[in-house]
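This is what each chain is made of:
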Amino acid sequence: MACGVLDGRPTAVTAGFDGSLRVWDLAGRTCTAVLHLPSPCAALALTDSGHLVAAFNRDLAVFTRRP
C-alpha cells in the first residue's frame, strides 16, 4: 500500500495478489481506478507529482494520469 495526496485529496493505492492495483479516494471512501499488472506487485509508491510507481517481477511501471 502507498499513501499520498493527489489533487489535494488524501489517496491510497493498494495491490492484490492477482496483480490488480486500486486507487482509493480516502476522503470520499471510494475506489477511483483499477489497474492491472501481469503479476503481483512487490512495491508501490506515489510521487509528489502524481505518478504511481509499481514494481513487479523484474519490471518497474510508472503510471501517469491523463489530463
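Please refer to the structure higher up on the page.
Residues numbered from 1 in each chain as written. Predicted model: local features only at pLDDT ≥ 70, side-chain atom pairs only at ≥ 80, totals over all residues. Heavy atoms only, no water.

> Whenever I open this one, the nonpolar core confuses me. Can you help?
A general feature of soluble globular proteins is that nonpolar side chains tend to end up buried together. One finds Val13, Leu21, Leu37, Cys41, Leu44, Leu52 and Ala54 to be the most contacted residues of the largest nonpolar core, which totals 13 residues. Residue assignment for this core shows that the elements contributing at least two residues are β1 (2–6), β3 (20–25), β5 (43–46) and β6 (52–56). Among the elements that make up this core, the one with the highest residue count is β6 (3 residues). Discounting chain neighbours no more than four positions away, the residues touching valine 13 are Met1, Ala2, Arg22, Val23, Leu44, Leu46 and Leu52. (Core = buried A, V, L, I, M, F, W, Y, C linked by side-chain atoms within 4.5 Å. Buried < 20%, exposed > 50% of the residue type's maximum accessible area, 1.4 Å probe, protein only. Helix = DSSP H or I, 4+ residues; strand = E, 2+ residues; numbered from the N terminus. Contact = heavy atoms within 4.5 Å.)

> I would appreciate a short explanation of unusual backbone geometry in the present structure.
For residues besides glycine, phi is generally negative; the peptide bonds are generally trans as well. The phi dihedral of arginine 29 is positive, around 55 degrees, even though this residue is not glycine. Within the secondary structure, arginine 29 is located in the loop between β3 and β4 (30–36). A relative accessible area of 74% means that arginine 29 is categorised as exposed. Positive phi, close to 50 degrees, is recorded for asparagine 57, a residue that is not glycine. Inspection of the secondary structure puts asparagine 57 in the loop between β6 and β7 (59–63).

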